[in-house]
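Fold and contact review
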Amino acid sequence: MDLLEDLETMKFESGIHEEDQSWLYLLGRSHGLMTKACAHATFFCKLLHNLRESLDEKRTSKCHLTGLREETQDDDALKVGIIGGGHLGKQLAHMLLQFIPIPAENLRISTRRPETLDEFKKLGIQCFYQNASLVGWANVVFLCCLPSQLPNICVEIQTRLGKDCIVYSFVSAIPVSRLKLLLNHTNILRPQYQCAEDLAHIWGANEITAALQDPVILQATCPYSPAGGISLNIKWLEGMFYALLNFCTAKDMPHPQVLQHLSELFSSQHLKACREDEASPLQFQAQDFVSQIYAKNLSQRRPFPLFDLTTVQLKETPFSQYLSNSTTFQDCFTHLYCDSFGISLTKEQEQPEVSTGSPSQ
């Protein structure tokens, strides 16, 4: 129970002079941006976690049938590293722990002041100041640092980055093309957000994990929704999908199996939410991700190529057209997104509108 909740004089706004009141909208915008950014990053990790679990279950079943030895679970568990222990890094860590939920031993934080992260240490999370060591261990690394700190961090970590490691940057001032050069790495995701002038007053000031239990706020964070006055460039969604493909390619998985896994992953919640006569299962095809000529020459046993995620986020891809034209995918995605945070949509709550934005960097 918050004893200060109803005390007006204890609120942040009470200390602002009347002539400065017009700037208070920046507080809501900042909180809205952080809420959306953390929600999207958590959703991506949730997808990667679920995909790994699905592959692990099928491999385990195959091992039982053939009598082969299973790999230990730790060999394939999702390992996430966060560089930066400020407000953003802390909020993201709470989100990953609650909504994936990622085990504490699979989450590590590197920050210049690890002594300020006692709340996470008590949970069993390793907190230290060793950026290079962190990226050598993690499958996904989140950059939650200041723009001024990024060049030095890139120098520290670039030689330790495995080609399969996904770097997810929250540093909005550094474009993805520049990150590619700084890191000498192509497996990079960087979302872009745009704020409307008439920002909606829905974001509040609650902790993000609590805010996302509100269906209105959760729907406003959905990548296809412009609600709340903050829109996401949909190129991030393309990058996320190609990152999932790269994960499967790193495991040398034949592309038909990859398409089957992704189709099952995105169809499940949509089919649960609809009557059988209303729902049509989602089924990805190779030409949704590569050119028709390449797909035609791709043998059944071959994996997809490794994609340059920076190029995916800067240029048109075969998946760009798919995202724009497939309403079935938009429905499936919206259901899966909300379900990832524990909220199921009714038919009336679906919001299939898409905000594409511009891929310029």
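Residues numbered from 1 in each chain as written. Predicted model: local features only at pLDDT ≥ 70, side-chain atom pairs only at ≥ 80, totals over all residues. Heavy atoms only, no water.

Named according to an unreviewed UniProt entry, the protein chain is NADP-dependent oxidoreductase domain-containing protein 1 originating from Bos mutus grunniens. Regarding the protein chain, the UniProt comment filed under Function (unreviewed entry) reads as follows: "Probable oxidoreductase." Within the UniProt record for the protein chain, the comment given under Sequence similarities (unreviewed entry) is "Belongs to the pyrroline-5-carboxylate reductase family." (UniProt positions renumbered as here; feature names shortened; annotations may be inferred.)

**Here we look at the overall build of the protein chain**
Check the secondary structure of the protein chain and you find 14 helices and eight strands. Looking at the 361 residues of the protein chain, the share that counts as buried comes to 50%. Partitioning the contacts of the protein chain with sequence separation of at least 6, the portion at a separation of at least 24 is 75%. Accessible surface computed for the protein chain: about 18000 Å², of which carbon and sulfur atoms make up 50%. (Helix = DSSP H or I, 4+ residues; strand = E, 2+ residues; numbered from the N terminus. Buried < 20%, exposed > 50% of the residue type's maximum accessible area, 1.4 Å probe, protein only. Contact = heavy atoms within 4.5 Å. Areas by Shrake-Rupley, 256 points an atom, 1.4 Å probe, with all protein chains shown as cover.)

**Some points on the packing of helix α5 (residues 150-157) against helix α6 (residues 176-183)**
Taken N-terminus to C-terminus, the directions of α5 and α6 make an angle of 45°; their axes are 9 Å apart at the nearest point. On the basis of the axis angle, α5 is oblique to α6. Between α5 and α6, the contacting residues are Leu150, Cys154 and Ile157 on the first element and Leu179, Leu182 and Leu183 on the second. Tallied by class, residues from the contact of α5 with α6 come to six nonpolar, no polar and no charged. (Axes fitted to C-alpha atoms, helices over the stretch in contact; angles between N-to-C directions. Parallel < 35°, antiparallel > 145°, perpendicular 65-115°, else oblique. Nonpolar A, V, L, I, M, F, W, Y, C, P; charged D, E, K, R; others polar.)

**Things to note about the sheet that holds strand β5 (residues 166-169)**
Ordered in space as β3-β2-β1-β4-β5-β6, the six strands form an open sheet in which the pairing is parallel. Looking at which strands have only one partner, the edges of the open sheet turn out to be β3 (126-128) and β6 (188-189). One ladder, built from two bridges, connects β5 with β6; its direction is parallel. Among the inter-strand pairings, Val167 is bridged to a residue of β6, identified as Ile188. Of the strands in this sheet, β1 (80-83), β2 (107-110) and β4 (140-143) touch helix α2 (residues 87-99), which is tilted by about 165° from β1. (Pairing = 2+ DSSP bridges.)

**Points about the side chain of Thr42**
Assignment of secondary structure puts Thr42 in helix α1 (residues 25-66). Since its relative accessible area comes to 2%, Thr42 is described here as buried. Side-chain polar atoms of Thr42 contact the backbone oxygen of Cys38, separated by 2.7 Å. If we skip the residues at most four places from it in the chain, Thr42 touches Leu92, Met95, Leu96, Phe99, Ile100 and Phe341. (Polar contact = N/O pair within 3.5 Å; in protein donor to acceptor, adjacent residues only side chain to side chain.)

**A word on the packing of helix α13 (residues 318-325) against helix α14 (residues 327-340)**
The geometry of α13 relative to α14 is characterised by a closest axis approach of 6 Å and an angle of 80° between their N-to-C directions. The angle between the axes of α13 and α14 places the two elements in the roughly perpendicular class. Within the contact between the two elements, α13 uses Tyr322, Leu323, Ser324 and Asn325 and α14 uses Thr327, Phe329 and Gln330. Class assignment of the residues belonging to the contact of α13 with α14 gives a composition of three nonpolar, four polar and no charged.

**Section: the nonpolar core**
Ranked by size, the top nonpolar core spans 88 residues in total, and within it Phe44, Phe142, Phe284 and Phe329 carry the most contacts. Sorting elements by how many residues they give to this core places α1 first, with 12 residues. Contact partners of Phe44, with chain neighbours within four places excluded, come to Val140, Ile166, Tyr168, Leu189, Trp236, Met240, Ala243 and Leu244. In terms of nonpolar packing, the next biggest core, distinct from the first, is built from 23 residues, Phe128, Leu150, Val171 and Ile174 among them. (Core = buried A, V, L, I, M, F, W, Y, C linked by side-chain atoms within 4.5 Å.)

**Description of the packing of aromatic side chains**
A complete count under the given rule lists 33 aromatic pairs for this structure. Between Phe43 and Phe333 the ring centres are 5.3 Å apart and the planes differ by 80°, which places this aromatic pair in the edge-to-face class. One end of the pair, Phe43, is in helix α1; the other, Phe333, is in helix α14, with 290 residues separating them in the sequence. For the pair Phe43 and Phe333, one class covers both residues: buried. (Phe/Tyr/Trp six-rings, centres within 6.5 Å; stacked < 30°, edge-to-face > 60°.)

**Some details on the pattern of salt bridges**
Pairs can form between side chains of opposite charge whenever their charged atoms are close. Scanning all chains against the criterion turns up three salt bridges. Measuring nitrogen to oxygen at the nearest pair gives 3.1 Å for the salt bridge that ties Lys235 to Glu238. Of this pair, Lys235 and Glu238 both sit in helix α9 (residues 235-250), separated by three residues, roughly a single helical turn. (Salt bridge = Lys/Arg side-chain N within 4 Å of Asp/Glu carboxyl O.)

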